[in-house]
Amino acid sequence: MLQYIAKRIVLTIPVLFGILVATFMLTRLTGDPTDLALPSNATEEAREEFRKLHGLDQPIWFQFVRFTYHMVQGDFGTSIRFHEPALKLVMDRMGATTELALAAMAIAIIIGIPAGVLSAYRRNSFTDLNVRGITLLGQAVPSFYLGILSILFFAVWLRWFPTGGRGTWWHLVLPATTLALQIVALIARVTRSCMLDVLGQDYIRTARAKGLSESKVVWLHGLRNAFIPVLTVIGLQVGFLMGGVVVTETVFSWPGVGRLAVQAIYQRDFPLVQAVVFLFALIFVVVNLLVDLAYAALDPRIGYR
Amino acid sequence: MSVTPVNVDATSKRARNESPSAAVMGRLLSKKATIVSLVLLLAALFCAMFPTLVAPFDPYNQELVMRLKAPAFLDRGVAGHWLGTDHLGRDILSRIIYGARVTLLVSLLALVVSLVIGVVAGLVAGFLGGRTDAVILRLVDMQLAFPVILLVISIVAVLGPSLTNLIVIMGLSGWPRFARLVRGAVLSVRGLEYVEAARAIGAGKMRVMFRHILPNILSAIIVYSSFELARMILLEATLSYLGLGVQPPEPTWGGMISEGQKYITQAWWVSLFPGIAIATIILVFNMIGDELRDALDPQLSHE
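Since this is a predicted model, take the numbers as computed values, not measurements.

A few words now on the overall build of chain B. The helix and strand tally for chain B stands at 13 helices and 0 strands. The helix and strand sequence of chain B, counted from the amino end, reads α-α-α-α-α-α-α-α-α-α-α-α-α. Of the contacts made within chain B by residues no fewer than 6 positions apart, 68% connect residues no fewer than 24 positions apart.

Right under this line is the structure:
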């Protein structure tokens, strides 16, 4: 087991390095940040000084080596706009983003898995058609549109919730639900199709034949075996969630990392973009690693190669 | 001498003399939802191809006295403007009809880009295996590790939101999913006898990959393409909403929602209707994908 864990961790290193290179190259392609950071009437000397200060006058490979060196020490550089360490800026907003993402994921799992199971069990029944219908609708409505609609109905017309920002639990309801609905649909959909595959298997017939109650057959024998692909999808949704966070935070003016990232991209704030993208990728890789390890624990057929 | 099909049931009895593809069509058309989806799809395609025939107004024509007028079906509405007007007095229905063109064109071409790259990469990875497989898988993992929206936003912000850039970037964002799907499918058929047989009679690698393996995993690719197209439309809408899609005054559904958001308290229809258009077209492709899955996988649909 330890060997398996070690091997999986080693395998993530080239992925992380690739992401690092890509992030670095990407942000260096955006053009010269000097034009954005300084007023258009700045003198050429001031520009030179700015470039020197931020290391933009060095050869690109040198910038990369230096970036990696600092990065390993947790130093992502100083934000060009906020004049503060990039990592600190991101970390300050990570709490808000985590809060939003966890709330959304919890809502999605609590609704999505039972909905998918029921829908598969009573295939083509009224419940199934309803769940499938809502699922399809949930996947079809863009999150930003859903966000705007919920602001319109619940904040502007009914005045139940605030239109945006962060503070009380009430502020969390609309953005978290908006974000969750996108994943609810996916989780329900995958649960449904996995359950359909599983429920057609011989061992389900065997379980029924030996007289187990239907609920035991479905939830224990069925869901337990359908759970692994569902778990993968939940793991992969972390990536989706991070994309969703970017849009949802923008719509609801939620002071999280996603909104920070969009602002940083518009303002060509390289260090900040690098910090956000790299941290997001890191979280994604770690979560997937955990999912893989959970696999091995849940399914004895997966060997510790 | 007649050949009796192995699985004789209601559908295959009817389809006995039909080709497999006709049988699939038969199963598809036996559901109302599918027919509705197909009709809606054809309508959207018609709007995209011949907007001048359908649209009641010029979508670019600004008429400031007519700004933010309510839809015709409301009491305070203005006759003629069925879905109302936006902040520049442009007819919303006409803009939605013209917007179909941009959305469908960008999404379809982006799908083709990711389909071609992804299928070739997946075939090569799955069939050749070994080091090639490892490298492609690593690339796939790497790209999937990026939150797609963030990736696309950053690249569009760098290169500028032209039509070609959008298509290429959106296309590049989708290839890893296809590669993964195809690779998995190839692995599951690679060891089968017909592949071995093809190799035994001396077929080259390319021939085995494209003539023998590809047709056998085609149904999975088709089903997936339908879902992926829905995803592309969503991505295009999101980019337009964030102001990184095709630029105004060209009407895009996401852009219309974003413009309307500023006036949401006084004129909700500006944002509402383009969103319905987006949701409907995505729903249509998801429905078609679902039905295709059931139709191409008769085992499941006859349970």
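Each helix and strand counted, chain A has 12 helices and 0 strands in total. Going from N to C terminus, chain A has its helices and strands arranged as α-α-α-α-α-α-α-α-α-α-α-α. Across its three principal directions, the C-alpha atoms of chain A cover 85 × 60 × 30 Å. Expressed as a percentage of its 305 residues, the buried residues of chain A come to 39%. Within chain A, contacts between residues at least 6 apart in sequence are counted, and of these 73% link residues at least 24 apart.

Residues and elements named next belong to chain B. In contact at an axis separation of 7 Å, helix H11 (residues 253–261) and helix H12 (residues 269–296) are set at 155° when each is read in the N-to-C sense. Taken together, H11 and H12 sit at an angle that is classed as roughly antiparallel. Note that H11 runs across H12; the crossing there is left-handed. Judged by residue contacts, Trp 253, Met 256, Ile 257, Glu 259, Gly 260 and Gln 261 of H11 engage Val 270, Ser 271, Pro 274, Gly 275, Ala 277 and Ile 278 from H12. Of the residues in the contact of H11 with H12, the class split is 7 nonpolar, 4 polar and 1 charged.

On to the environment of Val 113 of chain B. Its place among the elements puts Val 113 of chain B in helix H5 (residues 92–128). Residues within four places of Val 113 of chain B in sequence aside, it is in contact with Ile 167, Val 168, Gly 171 and Leu 172 of chain B.

This next bit is on the nonpolar core. Counting residues in each nonpolar core, the largest one holds 161 residues, and the members touching the most others are Ala 104, Ile 187 and Val 276 of chain A together with Val 152 of chain B. Not counting residues up to four positions away in its chain, the partners in contact with Val 152 of chain B are Ile 169, Met 170, Ser 173, Leu 235 and Leu 239 of chain B.

Quick look at the interface of chain B and chain A now. Counting residues at the interface gives 33 residues for chain B and 35 residues for chain A. Of all the secondary structure elements, the ones that give two or more residues to the side of chain B that touches chain A are helix H6 (130–145), helix H7 (148–159), helix H10 (205–241), H11 and H12 of chain B. Tallying contributions element by element places H12 of chain B first for the side of chain B that touches chain A, with 8 residues. When grouped by side-chain class, the residues that make up the side of chain B that touches chain A number 23 nonpolar, 7 polar and 3 charged.

A few words on unusual backbone geometry. The residue after Pro 248 of chain B, namely Pro 249 of chain B, is reached through a cis peptide bond having omega 10°. Looking at the secondary structure, you find Pro 249 of chain B in the loop between H10 and H11. Here the phi dihedral of His 83 of chain A falls at roughly 55°; this positive angle occurs in a residue that is not glycine. Examined against the element boundaries, His 83 of chain A turns out to sit in the loop between helix H4 (60–72) and helix H5 (86–121). Of note in this structure, Arg 159 of chain A is not a glycine but carries a positive phi near 55°. Positionally, Arg 159 of chain A belongs in the loop between helix H7 (143–157) and helix H8 (169–199). With 9 C-beta atoms packed within 10 Å, Arg 159 of chain A lands in the exposed category.

With that settled, consider the environment of Arg 268 of chain A. With respect to the element layout, Arg 268 of chain A can be found in the loop between helix H11 (257–266) and helix H12 (270–298). Placed 187 residues apart in sequence, Arg 268 of chain A and Arg 81 of chain A show a C-alpha to C-alpha distance of 9.1 Å.

With that settled, the discussion passes to helix H3 (residues 32–49) of chain B. For H3 of chain B, spanning 18 residues, the distance from its first C-alpha to its last is 26 Å, which sits close to the expected 26 Å at 1.5 Å a residue. Buried positions along H3 of chain B lie against helix H4 (51–54), H5 and H12 of chain B.

Residues and elements named next belong to chain A. Given a rise of 1.5 Å per residue, 15 residues ought to cover 21 Å, and the 20 Å separating the end C-alpha atoms of H7 matches this to within 8%. Where H7 bends most, the angle comes to about 30°, and this point is Ile 151. Arg 159 occupies a position one or two residues after H7 and carries a positive phi of about 55°.

What follows concerns the packing of H5 of chain A against H8 of chain A. Residues and elements named next belong to chain A. The contact between H5 and H8 brings their axes to 6 Å, and the two run at 35°. Here the hand of the crossing between H5 and H8 comes out right-handed. Grouping the constituent residues of the contact of H5 with H8 by class yields 26 nonpolar, 5 polar and 3 charged.

This brings us to the confidence of the model for chain B. Residue and element names in this part refer to chain B. Confidence in the prediction of chain B, expressed as mean pLDDT, is 80, and 88% of residues score 70 or more. Least confident of the elements in chain B is helix H1 (residues 10–14), whose mean pLDDT is 45; most confident is H5, at 91. Low pLDDT, under 50, characterises residues 1–16; the predicted model gives this stretch 10 contacts beyond four residues in sequence or across chains.

Examined against the element boundaries, Ala 295 of chain B turns out to sit in helix H12. Here the alpha-carbon distance between Ala 295 of chain B and Tyr 60 of chain B, two residues 235 residues apart in the chain, equals 43 Å.

The rules behind these values
- Residues numbered from 1 in each chain as written.
- Chains lettered and ligands numbered in written order.
- Predicted model: local features only at pLDDT ≥ 70, side-chain atom pairs only at ≥ 80, totals over all residues.
- Helix = DSSP H or I, 4+ residues; strand = E, 2+ residues; numbered from the N terminus.
- Contact = placed C-beta atoms within 7 Å.
- Buried ≥ 20, exposed ≤ 12 C-beta atoms within 10 Å, placed from the backbone.
- Axes fitted to C-alpha atoms, helices over the stretch in contact; angles between N-to-C directions.
- Parallel < 35°, antiparallel > 145°, perpendicular 65-115°, else oblique.
- Left-handed = near helix turned anticlockwise from the far one by under 90°.
- Nonpolar A, V, L, I, M, F, W, Y, C, P; charged D, E, K, R; others polar.
- Core = buried A, V, L, I, M, F, W, Y, C linked by C-beta atoms within 7 Å.
- Expected span 1.5 Å × (residues − 1).
- Bend = angle between axes of the 7 residues up to and from the residue.
- pLDDT = per-residue confidence, 0-100.

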